[in-house]
Each structure stands twice: as structure tokens, then as C-alpha cells.
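So you can see what is in the structure, the chains are spelled out below.
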Amino acid sequence: MVQAKTWILKQHFEGFPKDCDFELKLEQLSEPRDGEVLLEAVFLSVDPYMRPFSRVRMQAGDVMIGTQVAKVIQSNNPSFPVGCHVVGRCGWRTHTMSDGSDLIKVLDDWPQDVSLSHALGAIGMPGLTALYGLEEVCAIKPGETLLVNAAAGAVGSVVGQIAKLKGCKVVGSAGSDEKVAYLKELGFDQAFNYKTVPSLEEALKNASPEGYDCYFENVGGHFSSVAIPQMKAFGRIAVCGGISLYNDTTPQTGPYPHLHMIFKQLKMEGFLVGRWEHKNKESLKRMLTWMQEGKLKCKEHFTVGFENMPAAFMGMLKGENIGKAIVKI
């Protein structure tokens, strides 16, 4: 018997998450049956999507949703031998019993000098989100100008670097001077702290007076209302997230973008990364190659200890991390 620790959504979040919304529970797991594997978590991911998804995909009392890198410690499934590592949507759990249907083996040729934690970041869902948002939704072209907000986060930092690899001008917005310095290290052409600029509108105009061809949206709300009027004709907007809206108790209202979208003939498309799942293996290999070649740099923000999952999650929502937020067991 193995004792698993799990974090439960004790009650749905009202406004910003609080410690009392979570409960740590213990669960006894038996030996794996035929076709099953027993997993032990190594790294767990905390991501912005968990906040809105918890409302629509979870009930009070459910284990918190999420992805982890785990090691197979017992196996009755030949596809997943003992000792191999997998990525699984196991939620906030230290140990999981699985029949393997929800698991993806880490790439067979994963380099020894690259931490497996990157399978939850640039060489995982956030990296794929950045890639598909640019290539599939924005269809970005060399010479174009891209705006990305939350640019120092797990997705935004990769968005900017891929756009630079494709020969684009990149403007990034972030929420601290330390994050702005990081964006400049990554090669962003322009970066600013949206919390300290006197005028967001002027900051966007100064960064790219000619406007923006593509806008990778992670924030929503007021930022979006100011950015959309500065799009060029036939501009494309990839709507990945809206973190400024996730903890609202009263929905935000206008101004509304319709006239700008009509007169400039803009394309605005929301997307979920799973739409292009059939491309993931090839895409992950591309991203891993870029990382090995030094073309893709990925900072990680580690919190140690499973007991600190709620704190890591809430800290990520507050913007405490630069790069990918990870909990290390």
C-alpha cells in the first residue's frame, strides 16, 4: 500500500483563491492491477488556466486539476516500464494509479542535461501554446510586429523568443522592472512595465508607432481595450488567456472593440492548445532543438514541497514568478 497526498478544492473560489479553499487529504493506493502503473510525482505544474477551469471543470471535493512529470515506480503495463518518466494530467497528487491511457512518455531522446521540469514548460503545454498561437492562429510572418502581454510568464516569454526566431519585431509588457530586464535579455526589441508607465496607450505607441500586426493576448480587460485600437489593418489577435479577469467577482465591462475590428478588418480568435495535439511530437522536438542550440532560453521559478502547492498557485496568480512556475517534490 502506498499513501498518496492530494490537494482538494474544498470550495469554489470566490474572488482571489485563499488557503481555506484547499484541503490536504491522504489516500491509500493498492498494488497496480494488470495494465496499471503506479506513479510518483517529481514536478508539478501550476498554471493560470487552473483558476477559470476550476469553476467549469470541477466540483467541490475534487482533486485540484493539473499536470505533472512523474516516475513509474510500479508497473503491470509493458508500455510504461519501471523507471520511465511520463507527463500526466494527474492533478495535485503525490502518487497516482493509472491505466496509461492518460499518460505521455517523455521524449525518448530527452537530453540528460535538460531538466525534466521543462516538460511542463517550454517543452510542454506552455511552449506548444506559444508555438501554435503564433503559427496556427496568428500565421505570423517575418518582418511583422508582435505585441505580447504577461510576456515574462511561461507562455509569453516563449512567444517572444519564437517570434524573434521568425524575424519579427517583438514588444513585451510585464509587471515589474526585473521582468522587463529579463525580456531584454531574451532579445525583445521593446519592453515596459505596465504598472509604472504613465500611460499604457503612450507606452504602446512609443514601442511601435506604426502599430501591431499580431497581438498575443494573455491578460484581457483594460490592456486589451487599449491595445486593439493600435492594431494595423488586417491584424491578427490570438486570445490565449485573460488573467486580469479570472478573480473578478463582478464582471468587467467595455469599452468594446467592435468598430476597431470592423474598420481595420481584424481577426480575433480564441484557442486551446489541444486543437493541434496531432502535431505535438514534432513540435516538441523542434522546441527542444531550439533549446539545445541556445535559441530558446527558459527560466523556471521553483517552489519546493508538495505541501506548498496552494502557495505556489496563488503566488503565480499574483505574478511572483518569472518564467514557468513549478513545484518540486
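Residues numbered from 1 in each chain as written. Predicted model: local features only at pLDDT ≥ 70, side-chain atom pairs only at ≥ 80, totals over all residues. Heavy atoms only, no water.

K.L.:
Would you take a moment to explain the packing of helix 2 (residues 125-138) against helix 8 (residues 280-292) for this structure?
P.N.:
Pairs of packed helices are described in terms of their axes, by the angle between the two and the distance that separates them. One way to put it is that helix 2 packs onto helix 8 with a least axis distance of 10 Å and a crossing angle of 105°. The angle between helix 2 and helix 8 falls in the class roughly perpendicular. Contacts between helix 2 and helix 8 involve Gly 127, Leu 128, Leu 131, Tyr 132 and Glu 135 on the former and, on the latter, Asn 280, Ser 283, Leu 284, Arg 286, Met 287 and Trp 290. Of the residues in the contact of helix 2 with helix 8, the class split is 6 nonpolar, 3 polar and 2 charged. (Axes fitted to C-alpha atoms, helices over the stretch in contact; angles between N-to-C directions. Helix = DSSP H or I, 4+ residues; strand = E, 2+ residues; numbered from the N terminus. Parallel < 35°, antiparallel > 145°, perpendicular 65-115°, else oblique. Contact = heavy atoms within 4.5 Å. Nonpolar A, V, L, I, M, F, W, Y, C, P; charged D, E, K, R; others polar.)

K.L.:
Can you help me understand the side chain of Asp 213 in this one?
P.N.:
Within the secondary structure, Asp 213 sits in strand 11 (residues 212-217). At a separation of 3.3 Å, a polar atom in the side chain of Asp 213 contacts the side chain of Lys 232. Ignoring anything within four residues of it in the chain, the contact list for Asp 213 reads Glu 144, Thr 145, Met 231, Lys 232, Gly 235 and Arg 236. (Polar contact = N/O pair within 3.5 Å; in protein donor to acceptor, adjacent residues only side chain to side chain.)

K.L.:
Can you walk me through helix 3 (residues 156-165) in this structure?
P.N.:
Note that an α-helix has 3.6 residues per turn; residues three or four places apart therefore point the same way. In terms of residue burial, helix 3 counts as a mostly covered element, since 8 of its 10 residues are buried. Among all positions in helix 3, only Gly 156, Ser 157, Val 158, Val 159, Gly 160, Gln 161, Ile 162 and Ala 163 are buried. Tucked into the core, helix 3 has its buried residues touching helix 2, strand 8 (145-148), strand 9 (169-174), helix 4 (177-185), strand 11 and helix 8. One or two residues past the end of helix 3 sits Gly 167, with phi positive at roughly 80°. (Buried < 20%, exposed > 50% of the residue type's maximum accessible area, 1.4 Å probe, protein only.)

K.L.:
Where do I start with the layout of surface pockets in this structure?
P.N.:
To find leftover empty space, a probe the size of one water molecule is rolled over the atoms. Considered as a void within the structure, the second largest pocket measures approximately 260 Å³ in volume. Lining the second largest pocket are 17 residues, with Gly 220, Gly 221, Ser 225, Leu 245 and Gln 252 positioned closest to its centre. In terms of residue count, helix 6 (residues 221-227) provides more of the lining of the second largest pocket than any other element does, 4 residues in total. Split into classes, the residues belonging to the lining of the second largest pocket amount to 6 nonpolar, 10 polar and 1 charged. (1 Å grid on protein atoms, 1.4 Å probe; cavity = no way out; pocket = protein on both sides within 12 Å on 5 of 7 lines; lining within 4 Å. Points joined across faces, edges and corners; volume = space filled by probe spheres on them.)

K.L.:
Help me out: how do you make sense of the side chain of His 118 in this one?
P.N.:
Inspection of the secondary structure puts His 118 in the loop between strand 7 (103-105) and helix 2. Looking at His 118, the relative accessible area reads 9%, which means it is buried. Dropping the residues within four chain positions of it, His 118 is found in contact with Trp 110, Ile 123, Gly 124, Met 291, Cys 298 and Glu 300.

K.L.:
Help me understand the packing of aromatic side chains in this model?
P.N.:
Within a pair of aromatic rings, the relevant descriptors are the distance that separates the centres and the angle that separates the planes. Across all of its chains, the model carries 11 aromatic pairs by this definition. Pairing Trp 92 with Phe 313 gives two aromatic rings, centres 5.7 Å apart and planes at 75°, and the pair type is edge-to-face. Of this pair, Trp 92 sits in the loop between strand 5 (85-88) and strand 6 (95-98) while Phe 313 sits in helix 9 (residues 309-317), and the two are 221 residues apart along the sequence. Here Phe 313 falls in the buried class, since its relative accessible area comes to 0%. (Phe/Tyr/Trp six-rings, centres within 6.5 Å; stacked < 30°, edge-to-face > 60°.)

K.L.:
How should the environment of Gln 252 be read in this particular structure?
P.N.:
Along the chain, the position of Gln 252 falls in the loop between strand 12 (231-239) and helix 7 (258-264). Under the relative-accessibility criterion, Gln 252 is labelled partly exposed at 42%. For the pair formed by Gln 252 and His 222, sequence separation is 30 residues and the distance between their alpha carbons is 8.9 Å. Discounting residues that sit within four places of it in the chain, Gln 252 has contacts with Gly 221, His 222, Ser 244 and Leu 245. Within the structure, the side chain of Gln 252 is placed 2.8 Å from the side chain of Asp 248, a separation counted as a polar contact.

K.L.:
In this structure, what is going on with the UniProt feature "domain: Enoyl reductase (ER)" (unreviewed entry) in the protein? I would like to understand it.
P.N.:
The feature "domain: Enoyl reductase (ER)" (unreviewed entry), as given by UniProt, occupies residues 15-327 in the numbering adopted here. Counting secondary structure, residues 15-327 comes out at 27% helix and 25% strand; the distance between its end C-alpha atoms is 23 Å. (UniProt positions renumbered as here; feature names shortened; annotations may be inferred.)

K.L.:
Would you mind showing me how to read the pattern of salt bridges here?
P.N.:
Two side chains of opposite charge can pair, provided their charged atoms sit close to one another. Inspection of the entire model under this criterion finds 17 salt bridges. The closest approach of N and O atoms between Asp 213 and Lys 232, which form a salt bridge, is 3.3 Å. Of this pair, Asp 213 sits in strand 11 while Lys 232 sits in strand 12, placing them 19 residues apart in sequence. The class of Lys 232 is partly exposed, set by a relative accessible area of 25%. (Salt bridge = Lys/Arg side-chain N within 4 Å of Asp/Glu carboxyl O.)

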